[in-house]
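# Structural characterization, general
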Amino acid sequence: MTYTALQMFMENLNNLIYCNHNPLINNNPSILSERPQFQWLYQEFGNMIQTLFIHKHHHLHELQKLRFLKRRFTDAAEEAQDVIDLFLSAHHFRNNIGILRRSDVFKTSLDLEKIMRSIESIKVELMTINMDNMEMDSSSRIDRPKTRSAADAAKTFYTRNPYGTKKPSEEIVVGLDRDAELIRDKLAEDTKQLGIVSIVGMGGLGKTTLATKLFNDRFVVYHFHIRAWATVSQTYIKRDFLIQTLTSSNVRQDLLEASDSQLREKLHKHLMGKRFLIVIDDIWSTEAWDELKLLFPHENTGSRILLTSRLNEVALHAKPHGFVHSLSYLTEERSWELLREKVFHGDECPKSLIKPGMQIAKNCRGLPLSVVVMAGVLAKEVMSKDFWEKIASGVCSYIVSDQKGTMETLALSYHHLPHHLRDCFLYLGGFPEDFRFVVERLIWLWGAEGFIEEVGIRSMEETAKAYLLDLVDRNLVIIAERKFNGDVKACKLHDLVRELCQQKAKEERFFHKIDPPQLFSQPPEVTIAYKQRRLFTNQDITFMNFARPPTPSIRSILCFHQGRCMINKVAKNLRCFALLRVLDLQTCELHYFPQGIAVLVHLRYLAMRYSLGFPSSICNLWCLQTLILKKYRGSINLPRNMSDLVNLRHLWSNAELIIPTTEKPMKLLSISEVRYGDGVDMFGKCFPSIKKLVYVIIPGEECHFELLPSLETLKLRVSGYPKDEPNFRQINHIWFPATLKKLTLERCCLPWSAMSIIQSLPKLEVLKLKEDAFEGTQWNTGEKQFPQLKVLRLEELNIKHWVAYSTSFPCLKRLSVWMCDNLEEIPLEIGEIATLELIETDSWNYSIVESVKRIQEEQHDEGNTELKITVDGMELPTYLSVHEGSESEIEISSPFSSGHH
């Protein structure tokens with residue numbers, strides 16, 4: 001149990017003591033009578049946390065004992081958590097199904113005697129440690145860490161520093177020419193002040209290789225009077241750094257005998273008045289930089305410091321708003337080129353090996369370290385086609401098993417993670433290979449698992465988003481897609497990083513992963529480790545054969561099996577799954593609702609695909625935070641008792657959710673595809689905290705969204721479309737709150753005159769108008785501005801004339817125009833917007849392509865080369881070169897016919 005999990009357990013104990021709105025606690029005198037025991041446990045655990053995790057221990061000899069006691073304490077806390085949750089489940093089961101068949105597991109009495117004994121034992125040992133400390137403090141014999149001799153320091157340096165007394169040597173470098181050119185220009189630019197240039201990227205991406213290439217570059221050698229190289233790493237020691245820097249710049253006299261102050265003075269004198277380049281390789285902390293920067297003279301000689309780091313935070317700390325070069329992955333072509341060079345050293349590759357060799361390079365997923373590892377495997381074996389094809393089918397396993405150093409390199413990033421990020425990071429390893437994490441859903445899962453602690457006024461979602469961005473900044477998580485406003489929409493893991501997650505998760509008993517059996521083979525028996533908390537499976541859990549029943553400590557099941565699933569394990573085997581917090585079955589086809597789910601009172605996250613509807617029994621799950629319901633067709637009627645879901649924050653579906661008037665206000669923050677029969681004004685009373693809403697409007701309905709004081713994201717679409725039906729009624733009256741930041745309208749058929757209401761929204765940043773959002777052929781933006789609008793998307797509108805001015809959109813960054821077949825042109829004035837970065841469109845409308853071409857030509861004539869224009873995803877110059885029929889004519893054709901569209 002991590003520190004964050006401990007904090008969440010303490011919060012749950014606090015709720016059991018003081019919370020009076022919880023239906024399970026409120027209506028059960030047996031639970032209320034145990035509040036004194038909960039109070040005792042809360043106080044004892046609070047004191048232990050203060051002593052073991054917060055109080056600073058200054059004596060080195062006690063650290064090992066404390067680690068052992070922390071482990072014992074967290075084991076006791078986990079045991080207490082299980083005992084209490086099983087106690088609560090027992091009462092919930094008895095209230096809902098009346099019979100307790102598992103009396104050996106579900107006991108209606110709370111027995112904390114074993115935990116009490118464990119706590120008392122830990123307290124006694126802590127007192128022993130404290131007494132030892134008092135004796136040591138009063139004694140004259142104080143153990144202090146020995147000061148390392150200069151010889152020891154030198155030995156450490158030469159052991160750790162791969163370059164020894166010589167400068168970095170040339171390696172085979174592929175695919176870094178453009179990167180090197182950009183950084184070399186920055187190193188040599190005509191500024192006199194001491195400059196900082198940084199290279200960042202995940203472990204194994206080639207930061208040190210690129211720095212070496214620059215260090216040995218002929219122009220760099222000529223440009224700088226002095227070049228020096230020092231590797232910092234995680235175990236930073238200033239003396240080592242000084243010796244490395246002096247040695248690599250050819251100062252070697254009397255270094256081992258010199259004191260730290262003498263070494264610092266030598267370095268300062270050596271660099272004074274010279275134009276120097278210092279490479280600080282593999283720096284991990286801002287504190288290390290703050291100490292190192294004091295060692296160099298800050299003269300106006302044009303000197304430079306080149307940093308490499310896995311952490312964006314360190315680079316930005318060293319030089320706020322400075323030049324930070326993020327190293328990208330190799331292309332498949334570059335990977336193959338590097339592999340070929342490493343294996344054959346310039347000789348020709350046999351033709352029979354080219355195809356499997358290219359597959360091996362592709363499977364390295366652009367990570368140079370992986371390519372180098374595989375080259376080492378291939379170079380030592382017989383150059384046979386069969387062997388290379390075998391290697392191609394299992395690249396990751398070879399990298400992990402045959403090259404321990406590769407994983408150790410990546411593992412440094414894991415060990416450097418603060419404790420609050422480790423669970424979040426390891427969790428990603430349970431998902432399938434190449435899984436695309438939708439950030440919003442990932443954040444909800446983290447919250448349900450107990451990885452996120454709400455601090456101050458910051459919400460759980462905001463804290464979780466900050467955690468994810470921290471992992472991105474540490475180059476452990478890759479951004480797969482961004483939203484229109486620049487926020488991260490989806491992310492992914494490199495294959496080797498995923499292997500690292502799985503390796504560490506196995507070591508720490510963090511999750512159990514079950515992969516599907518080989519084709520035509522019987523599912524193997526699954527053995528679940530004792531006290532296992534999480535289960536990830538690609539196998540149909542209906543047919544999993546358990547070697548023995550799992551313990552009731554399992555808290556999460558995430559199933560990625562796709563296909564029909566007649567699940568009954570949850571319903572029948574409550575002993576296994578009674579304490580579930582997370583149950584994700586949304587990829588499975590459920591034709592019968594597993595009734596056992598309704599009594600899993602500890603569930604916080606439930607995602608499922610079910611063909612019929614929403615059973616009212618789900619409303620018994622008072623802990624539920626996230627509910628995701630998927631359906632093949634039709635709508636879902638929600639029950640009137642849904643307000644019993646007192647902790648529900650997110651309710652999402654791919655079908656229309658028809659919500660009745662609820663009995664009391666709920667904590668919902670986001671809800672999708674909702675249709676509310678009693679109108680939006682009542683919706684505001686029932687869901688006062690709503691921030692994100694996808695709302696289905698009934699034609700003719702008046703929508704008073706201004707009654708939702710926290711609403712930031714709103715998507716509206718009309719029910720009962722198409723508009724040419726006899727009963728269709730246009731939407732005329734919509735009121736929006738001033739808090740709105742993102743608005744999407746679809747099928748609303750509003751008159752363009754209603755746009756003035758939207759233009760006046762003070763915080764609106766994203767506006768998407770889709771499929772007849774507005775009705776009419778002309779939109780004149782007028783003199784009124786969209787004060788904060790950054791993204792504008794027009795899609796499937798029947799607009800013909802658009803009149804706009806550069807002053808209409810003073811902050812616009814991105815304009816998208818798709819499938820607007822009748823639009824004559826994008827106004828030329830749009831190109832004059834100073835903040836505009838991108839215009840994107842398709843090739844369906846010849847007139848639009850012509851207008852964006854004119855915009856680009858006009859902007860180039862004005863000297864604006866920063867504006868990017870794409871057609872069908874290709875930059876305009878590339879698109880024109882591919883499609884032009886002559887120098888003055890562009891040939892536009894539909895992908896579905898040979899004629900002009």
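Residues numbered from 1 in each chain as written. Predicted model: local features only at pLDDT ≥ 70, side-chain atom pairs only at ≥ 80, totals over all residues. Heavy atoms only, no water.

### A look at the packing of helix α8 (residues 177-188) against helix α9 (residues 207-215)
Two elements in contact, α8 and α9, have axes whose closest approach is 10 Å; the angle formed by their N-to-C orientations is 60°. Considered as vectors, α8 and α9 are oriented oblique to each other. Like other packed secondary-structure pairs, α8 and α9 cross with a definite hand, here right-handed. In contact with Asp177, Asp179, Ala180, Ile183 and Arg184 of α8, α9 contributes Leu210, Lys213 and Leu214. Grouping the constituent residues of the contact of α8 with α9 by class yields four nonpolar, no polar and four charged. (Axes fitted to C-alpha atoms, helices over the stretch in contact; angles between N-to-C directions. Helix = DSSP H or I, 4+ residues; strand = E, 2+ residues; numbered from the N terminus. Parallel < 35°, antiparallel > 145°, perpendicular 65-115°, else oblique. Left-handed = near helix turned anticlockwise from the far one by under 90°. Contact = heavy atoms within 4.5 Å. Nonpolar A, V, L, I, M, F, W, Y, C, P; charged D, E, K, R; others polar.)

### Side note on the pattern of salt bridges
One pass over the full model with this rule turns up 35 salt bridges. A salt bridge links Glu656 to Arg717, with the shortest nitrogen-to-oxygen separation between them at 3.9 Å. Of this pair, Glu656 sits in the loop between β19 (650-653) and β20 (657-659) while Arg717 sits in strand β24 (residues 713-718), and the two are 61 residues apart along the sequence. Glu656 gets classed as buried once you look at its relative accessible area, which sits at 15%. Its salt-bridge partner being Glu825, residue Arg854 comes within 2.9 Å of it at the nearest N-O pair. Of the two residues, Arg854 is situated in helix α29 (residues 846-861) and Glu825 in the loop between β33 (814-818) and β34 (838-841); the sequence distance between them amounts to 29 residues. With relative accessibility at 30%, the residue Glu825 sits in the partly exposed group. A network of salt bridges, in which partner residues are shared, links Glu78, Asp82, Asp85, Arg533 and Arg555. (Salt bridge = Lys/Arg side-chain N within 4 Å of Asp/Glu carboxyl O. Buried < 20%, exposed > 50% of the residue type's maximum accessible area, 1.4 Å probe, protein only.)

### Quick word on the nonpolar core
In terms of nonpolar packing, the biggest core is built from 98 residues, with Ile758, Trp802 and Phe809 touching the most fellow members. Apart from residues no more than four positions distant in its own chain, Trp802 is found in contact with Trp779, Thr781, Leu792, Leu794, Phe809, Leu815, Leu823, Ile826, Pro827 and Ile830. By size, the runner-up hydrophobic cluster in this structure holds 70 residues, among which are Leu210, Phe224, Val497 and Phe536. (Core = buried A, V, L, I, M, F, W, Y, C linked by side-chain atoms within 4.5 Å.)

### What to know about helix α16 (residues 351-363)
Between its first and last C-alpha, α16 extends 19 Å over 13 residues, near the 18 Å set by a 1.5 Å rise per residue. Turning to α16, its buried residues number three or more, namely Leu353, Pro356, Gly357, Ile360 and Ala361. In the segment just after α16, Arg365 is the residue with positive phi, at about 55°. (Expected span 1.5 Å × (residues − 1).)

### Some thoughts on the sheet that holds strand β6 (residues 437-438)
Strands belonging to one sheet form pairs held by backbone hydrogen bonds; the direction of such a pair is parallel or antiparallel. Strands sit in the order β6-β8-β7 across an open sheet of three strands; the sheet is antiparallel. For this open sheet the edge positions go to β6 and β7 (478-482), each flanked by a neighbour on one side alone. Both β6 and strand β8 (residues 488-492) contribute to a ladder of two bridges, which runs antiparallel. For Phe437, the partnering residue across the bridge sits in β8 and is Cys491. (Pairing = 2+ DSSP bridges.)

### Section: the packing of aromatic side chains
In this structure the tally under the stated criterion is 26 aromatic pairs. Consider the rings of Phe786 and Phe809, whose centres lie 5.1 Å apart with planes at 10°: the pair is stacked. Linking Phe786 in the loop between β30 (778-780) and β31 (791-795) with Phe809 in the loop between β32 (801-803) and β33, this pair joins segments that are 23 residues apart in sequence. The class of Phe786 is buried, set by a relative accessible area of 1%. Each member of the aromatic cluster is reached from another via a ring pair, and the members are Tyr427, Phe431, Phe435, Phe437, Phe451, Phe510, Phe511, Phe536 and Phe560. Against the face of Tyr414 rests Arg422, its NZ or CZ located 5.1 Å from the ring centre. Lying over the aromatic face of Phe510, Arg534 brings its terminal NZ or CZ to 4.3 Å of the ring centre. (Phe/Tyr/Trp six-rings, centres within 6.5 Å; stacked < 30°, edge-to-face > 60°. Lys NZ or Arg CZ within 6 Å of the ring centre and 35° of its normal.)

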